[in-house]
Amino acid sequence: MTAEEFSEAIQPLVEELKAIREALGEIREDIQWAVRNAQDYLSAINDAADEIRGEVLARVRWDDLPKPHLPSEETIACAHCDADSPRSLAEAVELGWSRLQSSDGIGEDYLGQCPDCAKKIDEVPAQRELF
Ligand SMILES: [Zn+2]
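Digging into the overall build of the chain
Working step 1: In terms of helices and strands, the chain carries three helices and three strands.
Working step 2: Against the globule reference of 14 Å for 131 residues, the chain gives a C-alpha radius of gyration of 39 Å, more extended than a compact globule.
Working step 3: With respect to the principal axes defined by its C-alpha atoms, the chain has extents near 125 × 30 × 15 Å.
Working step 4: Sorting the 131 residues of the chain into buried and exposed places 7% on the buried side.

Laid out in structure tokens, this is it:
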């Protein structure tokens, strides 16, 4: 095989190699474009998500959210009215119940004074002695 014959024989391979190099160059450009623009799209998506999150949080009020029904841990009765029992002694204290004491009765675990009754009693000092 002469040098000329050899050159002619590999010509299709050389052409194929050129085409592959060109294609790789185009793919590289496409990937660079995608990476650059993905960043922009990602920040746009993140900004939109932040905005939506902000709007939702601004609209939601804690008191409006449905509360799961939790079973009572302890029952507490007001000595003066039939106020609903807080779910626990800890919640009773948090809600402002006072004069809490163990109940010897069969019904409630604790007996105390609900915040409403405590307020009424404070408003009428003369009645304090009655309780
Ligand atoms: Zn009460």
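Points about the nonpolar core
Working step 1: Counting residues in each nonpolar core, the largest one holds five residues, listed as Ile76, Cys78, Ala92, Trp97 and Cys114.
Working step 2: With residues near it in sequence (within four places) discarded, Ala92 still touches Ile76, Pro86, Trp97, Leu100 and Gly112.

Some points on helix α1 (residues 3–59)
Working step 1: Across its 57 residues, α1 extends 82 Å between first and last C-alpha, which sits within 8% of the 84 Å expected from 1.5 Å per residue.
Working step 2: Of all bends in α1, the biggest is about 40°, found at Gln11, and the proline Pro12 comes one to four residues later.
Working step 3: In terms of burial, α1 is largely open, as just zero of its 57 residues are buried.

A short note on the domain arrangement of the chain
Working step 1: Split into domains, the chain comes out as domain 1 (3–62) and domain 2 (76–130).
Working step 2: For domain 1 and domain 2, the distance between their C-alpha centroids amounts to 69 Å.

A closer look at the environment of Gln32
Working step 1: Within the secondary structure, Gln32 is located in helix α1.
Working step 2: C-beta crowding within 10 Å serves as the criterion here: with 10 such atoms nearby, Gln32 is assigned to the exposed category.
Working step 3: Spatially, the C-alpha atoms of Gln32 and Asp64 are 48 Å apart, while their sequence positions differ by 32 residues.

Description of the pairing of strand β3 (residues 110–113)
Working step 1: Where strand β1 (residues 76–78) meets β3, three bridges bridge the pair, whose relative direction is parallel. Within β3, the residue paired with Ile76 across the bridge is Tyr110.
Working step 2: Pairing of strand β2 (residues 98–102) with β3 involves three bridges; the strand directions are antiparallel. Across the sheet, residue Ser98 finds its bridge partner in β3, namely Gln113.

A look at the sheet that holds β1
Working step 1: Spatially, three strands are ordered β1-β3-β2 in an open sheet, and the strand pairing comes out mixed. Across the chains shown, the open sheet's two edge strands, defined by having one partner strand only, are β1 and β2. Taking the axes of each pair of neighbouring strands and ignoring which way they run, one obtains an average angle of 25° across the sheet.

Examining the environment of Cys78
Working step 1: Here Cys78 is to be found in strand β1.
Working step 2: Using a count of 21 C-beta atoms within 10 Å as the deciding quantity, one classes Cys78 as buried.
Working step 3: Note: C-alpha distance between Cys78 and Glu4 (74 residues apart in sequence) is 111 Å.

Things to note about unusual backbone geometry
Working step 1: Of note in the backbone geometry, Arg99 takes a positive phi value of approximately 50° without being a glycine.
Working step 2: Tracing the backbone shows Arg99 in strand β2.
Working step 3: C-beta crowding within 10 Å serves as the criterion here: with 13 such atoms nearby, Arg99 is assigned to the partly exposed category.

Here is what the cut-offs are and how they apply
- Residues numbered from 1 in each chain as written.
- Predicted model: local features only at pLDDT ≥ 70, side-chain atom pairs only at ≥ 80, totals over all residues.
- Helix = DSSP H or I, 4+ residues; strand = E, 2+ residues; numbered from the N terminus.
- Rg over C-alpha atoms; globule rule 2.2 N^0.38 Å.
- Buried ≥ 20, exposed ≤ 12 C-beta atoms within 10 Å, placed from the backbone.
- Core = buried A, V, L, I, M, F, W, Y, C linked by C-beta atoms within 7 Å.
- Contact = placed C-beta atoms within 7 Å.
- Expected span 1.5 Å × (residues − 1).
- Bend = angle between axes of the 7 residues up to and from the residue.
- Domains from an automatic or database assignment.
- Pairing = 2+ DSSP bridges.
- Axes fitted to C-alpha atoms, helices over the stretch in contact; angles between N-to-C directions.

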